[in-house]
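A structural walkthrough
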Amino acid sequence: MRKRPNGSGSIVKIKGRRKPYRAVITSGYTVNGNGNKKQIRRLLGYFPNYYAAQEAITQFYEKMNGVEIEYVTFEDLYNKWKKDNFHLYTTSTIYSYEHAYSMCDILYSKYMEDITVFDLQNVIDECEKNYPILKQVKTLFTQLYSYALCYNYISDNRSKYIDLRMYKMNYKPREIKRFTGEQIDLIWNNYTNKFDEIVLMLIYTGARICELLNLHKKDVNLKERYFKVEDSKTSSGIRVVPIANKILPFFEEWYSSSNDANDFLIHDDEMMQILYGKFISNYYKPFMKRLNIDLMPHSCRHTCASLLSDAKVELSVIQKILGHKQEKYDPYIYHDIKDLIDAIDRI
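Since the structure is predicted, the reported quantities are computational estimates derived from the model, not experimental observations. (Residues numbered from 1 in each chain as written. Predicted model: local features only at pLDDT ≥ 70, side-chain atom pairs only at ≥ 80, totals over all residues. Heavy atoms only, no water.)

Check the secondary structure of the protein chain and you find 14 helices and six strands. Looking at the protein chain as a whole, 44% of its 347 residues are labelled buried. Residue pairs at least 24 apart in sequence account for 63% of intrachain contacts in the protein chain once pairs closer than 6 positions are excluded. On the protein chain, roughly 19800 Å² of surface is accessible, and the fraction owed to carbon and sulfur atoms is 49%. (Helix = DSSP H or I, 4+ residues; strand = E, 2+ residues; numbered from the N terminus. Buried < 20%, exposed > 50% of the residue type's maximum accessible area, 1.4 Å probe, protein only. Contact = heavy atoms within 4.5 Å. Areas by Shrake-Rupley, 256 points an atom, 1.4 Å probe, with all protein chains shown as cover.)

Shown next as structure tokens:
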């Protein structure tokens, strides 16, 4: 067999295999400790004859079009992408990506060019999460592979072959229930600290938990009884939220607990922002367990909507408070902050 030029791949016949011709390509280079350039070789596959292996190598390099792949690990790529993109995302989006990344630890040390579709699918299949979380992981892969292609860290986008169809088909969304009147009374009668109060702050504002955790003091107006949501998962979520009179003391307590106007309203003892995971594990779940209530924070938002509806508040006002997009825009309907405060004080 004719020897191929250096750096153009190699073909070796292996005895005892049904497809005996092994094709190996040079997919990039590294620099060793002596400063010398060293080939990084990757198995392309096994083929029934020499010419099939040769054709596969030729197609690979044609696809590469002379581009030299720079080898980076999954972890290195994530950190590069994170540095370039996280400033564009909301805090809740960043949390979703960080959470998805934490489930990919088996890939951290692997070179991107060596990660196969099987490796990516294996992360999905082995993490034992439901469809919404798996969708977040696939979204992370899509972002990383698009970024990697732009900077020649990979030769093709393997993330597009990840299959979530089975998980989507079998997924049954958990019904989000509201807090009952008895449960709300239980919370009022048993809260013992500022962190317990957050549950009532959520119920009587309808804010998403991440909206409240991301809230800065500068966006809170205690005198006029409202706060501005500047960081939300949807454009409709950017809004002014009224503060019910019955929870105003909670906002005042949190506001006065730090001196810097740029601080987050909700913070830990070190004046640091409390992220979603920490809030759930350290504060929310222990309080709910104490009361024997099995509901997640998003139930607070549903409860607020239900209480407003029970109080005969107009749908357009409810949508304004919760930051829901109106299905049909009516330019003749306008609600100022006084209308919203009047509505929230009725529950």
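Right, let's talk about the packing of aromatic side chains for a bit. This model, assessed by the stated rule, comprises 26 aromatic pairs. A centroid spacing of 6.5 Å and a plane angle of 80° characterise the contact between Y21 and Y50, whose relative ring orientation is edge-to-face. Taken together, the residues Y21 in strand β2 (residues 21-31) and Y50 in helix α1 (residues 50-64) connect sequence positions 29 residues apart. Given a relative accessible area of 14%, Y21 falls into the buried group. Using a relative accessible area of 13% as the deciding quantity, one classes Y50 as buried. Taking the centre distance of 5.8 Å and the plane angle of 35° together, the rings of W188 and F250 count as tilted. Here W188, found in helix α7 (residues 181-190), pairs with F250, found in helix α10 (residues 248-256); they are 62 residues apart in sequence, far enough to count as distant. With a relative accessible area of 5%, F250 lands in the buried category. Sitting above the plane of the Y46 ring, R17 keeps its charged end 3.6 Å from the centroid. (Phe/Tyr/Trp six-rings, centres within 6.5 Å; stacked < 30°, edge-to-face > 60°. Lys NZ or Arg CZ within 6 Å of the ring centre and 35° of its normal.)

With that out of the way, let us pick up the sheet that holds strand β5 (residues 226-229). Across the sheet, which stays open at both edges, the three strands sit in the order β4-β5-β6 with antiparallel pairing between neighbours. Taken across any chain shown, the strands that pair with only one partner, and hence form the sheet edges, are β4 (220-221) and β6 (239-242). Note that β5 and β6 share four bridges and pair antiparallel. Directly across from V229, in β6, lies its bridge partner R239. Packing against the sheet, helix α14 (residues 337-344) makes contact with β5 and β6, and its axis sits at approximately 40° to β6. (Pairing = 2+ DSSP bridges. Axes fitted to C-alpha atoms, helices over the stretch in contact; angles between N-to-C directions.)

If you walk through the whole model with that rule in mind, you get 11 salt bridges. Three or more residues joined by partner-sharing salt bridges are found here, namely E113, D156 and R158. (Salt bridge = Lys/Arg side-chain N within 4 Å of Asp/Glu carboxyl O.)

Turning our attention to helix α3 (residues 91-102). Helix length check: α3, at 12 residues, gives a terminal C-alpha distance of 16 Å against a target of 16 Å (1.5 Å per residue), a fit within 8%. Taken residue by residue, α3 has S92, Y97, A100 and Y101 as its buried positions. In this structure, the buried residues of α3 make contact with α2 (74-85), α5 (131-150) and α9 (209-213). (Expected span 1.5 Å × (residues − 1).)

A word on the nonpolar core. Formed by 53 residues in total, the largest nonpolar core has its most connected members in F179 and I187. Setting aside residues up to four positions removed in sequence, F179 forms contacts with I184, I187, I203, Y284, M288, I293, L295, S299, C300 and T303. Residues W81, A100, M112 and C127 belong to the second largest nonpolar core, which totals 34 residues. (Core = buried A, V, L, I, M, F, W, Y, C linked by side-chain atoms within 4.5 Å.)

A few words now on unusual backbone geometry. Here E128, not a glycine, exhibits a phi torsion of approximately 60°, which is positive. Along the chain, the position of E128 falls in the loop between α4 (117-126) and α5. By relative accessible area, E128 is classed as exposed at 75%. At M271, a residue that is not glycine, the phi angle is positive and equals roughly 65°.

Moving on to helix α13 (residues 315-322). The buried count for α13 comes to six of eight residues, which makes it a mostly enclosed element. Within the sequence span of α13, burial applies to S316, V317, I318, Q319, I321 and L322. Summarising the contacts, the buried residues of α13 are in contact with β6, α12 (298-310) and α14. Phi turns positive, to about 80°, at G323, one or two residues after α13.

This brings us to the confidence of the model for the protein chain. In the predicted model, the protein chain carries a mean pLDDT of 86, and the fraction of residues at 70 or more is 86%. Note on residues 329-333: pLDDT is under 50 here. Beyond four places in sequence and across chains, it has one contact. (pLDDT = per-residue confidence, 0-100.)

Looking now at the pairing of β5. Looking at chain direction, β4 and β5 are connected through two bridges and run antiparallel. In the sheet register, N221 faces β5, and the bridge partner there is Y226. Where β4 folds back on β5, the antiparallel hairpin that results is connected by four residues, among which R225 adopts a positive phi of roughly 65°.

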